Number of protein chains: 2
Amino acid sequence: MPTTTTAPPVTAGSVTDDCCGIGVDGGLTREAAETSAALLKAVADPVRLQLLSAIRATADGEACVCDLTPVVGLSQPTVSHHLKVLVEAGLLEREKRGTWAWFRLVPARLDDVTAIFR
Amino acid sequence: MPTTTTAPPVTAGSVTDDCCGIGVDGGLTREAAETSAALLKAVADPVRLQLLSAIRATADGEACVCDLTPVVGLSQPTVSHHLKVLVEAGLLEREKRGTWAWFRLVPARLDDVTAIFR
């Protein structure tokens, strides 16, 4: 029989002797982190931040796509793409009025963004 | 001479007759939006959100890299890369203590993230 012993396999949660070993527990699960990261990715874009900010700066918290286009100085298809990303993330609501699409902030969803860091 | 008239060219800032024309002004400048988007990109990642959350869940708001590795179930070089991104964004401070690097939250910088949406 061999007389040497081998160290037990180090598992993901083990702490080696020379590690501080404070034992970090808790925090976000991977699933919750994936959900939050997807929401943050929707806002982590300068054009989309400008659009959200411009809509918030209006008296009624809503704006027409035709008024948003000059704010960011991009083509209407490009602006519409960015607005669509924000709608899909739940940060804006879209409403068709006659020829134009209007976009309104969803404050509760913006609260979801800041809640990630509370 | 032709009797038909052509519409004047529509410029980026003009409002056509059938546009709502509420005149959106204000909001973030592009430069401010670029700065905020860069900060948001640093946190818009599930692993980095898990790391921030795990560090915040500790009693002292700091953790050693060796304790963070098992939290996210990734290799130490990968975890170190993500921690470096957070340090470069100013969200964590890094301190070498003996063999290991420790990471501490920078609450004021986390406030900068939420301030984007206030």
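Heads up: these notes are all about the structure in this document. Along each chain, residues carry numbers from 1 onward, in the same order as the chain's sequence is written. Written order decides the labels, with chains lettered from A and ligands numbered from 1. This being a predicted model, a pLDDT of at least 70 is required before a residue's local features are given, and a value of 80 or more before pairs of side-chain atoms are given or counted; all residues contribute to the totals for chains, interfaces and linings. Heavy atoms throughout the structure, all of them, feed into the side-chain values; hydrogens and water do not.

## Quick look at the packing of aromatic side chains
Stacked, tilted and edge-to-face pairs are distinguished by plane angle, under 30 degrees for stacked and over 60 for edge-to-face with tilted covering the rest, among Phe, Tyr and Trp rings (Trp via its six-membered ring) whose centres lie within 6.5 Å. By the definition in use, this model includes 0 aromatic pairs over all chains. One residue, Arg-97 of chain A, lies across the ring of Trp-102 of chain A, its end atom 4.6 Å from the ring centre. For a ring to carry a charge above it, either NZ of a lysine or CZ of an arginine must fall within 6 Å of the ring centroid while also lying within 35 degrees of the normal to the ring plane.

## A word on the relation of the copies chain B and chain A
Once turned by 180° and shifted 0.0 Å along the axis, chain B lies on chain A with an RMSD of 0.0 Å. Each copy turns onto its partner about a two-fold axis. Among all residues of chain B, the minimum C-alpha distance to the rotation axis is found for Thr-114 of chain B, at 2.6 Å. Copy-to-copy alignment: least squares on C-alpha atoms, limited to residues at pLDDT 70 or above in both.

## A look at the nonpolar core
Residues belong to one nonpolar core when they are buried, are Ala, Val, Leu, Ile, Met, Phe, Trp, Tyr or Cys, and are joined through side-chain atoms within 4.5 Å. Exposure categories follow from relative accessible area, calculated using a 1.4 Å probe and restricted to protein chains: below 20% of the type maximum is buried, above 50% is exposed, and the middle band is partly exposed. Formed by 71 residues in total, the largest nonpolar core has its most connected members in Leu-40 and Leu-91 of chain A together with Leu-40 and Leu-91 of chain B. Ignoring anything within four residues of it in the chain, the contact list for Leu-40 of chain A reads Val-113, Ile-116 and Phe-117 of chain A together with Leu-40, Val-43, Ala-44 and Leu-49 of chain B. Contacts are residue-level and defined by heavy atoms, with any inter-residue pair within 4.5 Å sufficient.

## Description of helix α4 (residues 76-88) of chain B
Residue and element names in this part refer to chain B. Segments assigned H or I by DSSP are reported as helices when at least four residues long, segments assigned E as strands when at least two residues long, and all are numbered from the N terminus. Working rule for helices: expected span equals 1.5 Å times residues minus one. With 13 residues, α4 should cover 18 Å at 1.5 Å per step; its first-to-last C-alpha distance of 18 Å lies within 8% of that length. Those residues of α4 that sit buried are Val-79, His-82, Leu-83, Val-85 and Leu-86. For α4, the arc enclosing every buried residue in end-on projection is 150°, short of the 170-degree limit, so these residues lie on one face. Away from its buried face by more than 90 degrees, α4 exposes Pro-77, Lys-84 and Glu-88. Elements that come into contact with the buried residues of α4 comprise α1 (30-43), α2 (46-56), α3 (65-72), β2 (92-97) and β3 (100-105). The arc in question is traced by the directions running from the helix axis to the C-beta atoms.

## Describing the interface of chain B and chain A
Opposite the 53 residues of chain B that make contact, chain A presents 53 residues. Defined in terms of a 1.4 Å probe, buried area is the accessible area two parts forfeit on being brought together, summed over both. Taken together, the two surfaces of chain B and chain A that pack against each other cover about 4000 Å², and 67% of this comes from carbon and sulfur. Any Lys or Arg side-chain nitrogen located within 4 Å of an Asp or Glu carboxyl oxygen qualifies as a salt bridge. If you look at where chain B meets chain A, you find 0 salt bridges. Here a polar contact means two N or O atoms within 3.5 Å. Within protein one must be a hydrogen donor candidate and the other an acceptor candidate, and residues neighboring in sequence count only if both atoms are side-chain atoms. Between the two partners, chain B and chain A, sit 13 residue pairs in polar contact (both at pLDDT 80 or more). Per element, the largest residue contribution to the side of chain B that touches chain A is 8 residues, and it comes from α1 of chain B. Residues of the side of chain B that touches chain A, tallied by class, amount to 31 nonpolar, 12 polar and 10 charged. Note that Gly is not counted as nonpolar here; it falls among the polar residues with everything else outside the nonpolar set of Ala, Val, Leu, Ile, Met, Phe, Trp, Tyr, Cys and Pro and the charged set of Asp, Glu, Lys and Arg.

## Considerations on the sheet that holds strand β1 (residues 62-64) of chain A
Residue and element names in this part refer to chain A. One bridge is not enough; two strands pair if DSSP finds at least two bridges between them. Spatially, β1-β3-β2 is the arrangement adopted by the 3 strands of the open sheet, whose pairing is antiparallel. Each end of this open sheet is capped by a strand with a single partner; those strands are β1 and β2 (92-97). In this sheet, neighbouring strand axes are inclined to one another by 25° on average, regardless of whether the strands run parallel or antiparallel. Examined bridge by bridge, β1 and strand β3 (residues 100-105) share 3 bridges and lie antiparallel to one another. Bridging from a neighbouring strand, Cys-64 pairs with Trp-102 of β3. The sheet strands contacting helix α2 (residues 46-56) are β1, β2 and β3, and the helix crosses β3 at an angle near 85°. For helices, the fitted line uses only the C-alpha atoms of the stretch in contact; every axis is such a line through C-alpha atoms, and the angle between N-to-C directions lies from 0 to 180 degrees.

## Some thoughts on the sheet that holds β3 of chain B
Residues and elements named next belong to chain B. A sheet is described by the order of its strands in space; here 3 strands give the open sequence β1-β3-β2, paired in antiparallel fashion. Two strands bound the open sheet, and with one partner strand each, they are β1 (62-64) and β2. Between one strand axis and the next, the sheet turns through 25° on average, direction left out of account. Each of β1 and β3 is contacted by α3, which is oriented at about 90° to β1, the strand it contacts most.

## Structural notes on the packing of α2 of chain A against α1 of chain B
Running from amino to carboxyl end, α2 of chain A crosses α1 of chain B at an angle of 115°, the nearest separation of the two axes being 8 Å. Considering how the two elements wind past one another, α2 of chain A and α1 of chain B form a crossing that is right-handed. Here Pro-46, Val-47, Leu-49 and Gln-50 of chain A of α2 of chain A lie close against α1 of chain B, whose contacting residues are Arg-30, Ala-33, Glu-34, Ser-36, Ala-37, Leu-40 and Lys-41 of chain B. Tallied by class, the residues present in the contact of α2 of chain A with α1 of chain B amount to 6 nonpolar, 2 polar and 3 charged. Working rule for handedness: look at the near helix, and if it is turned counterclockwise from the far one by less than a right angle, call the crossing left-handed; if clockwise, right-handed.

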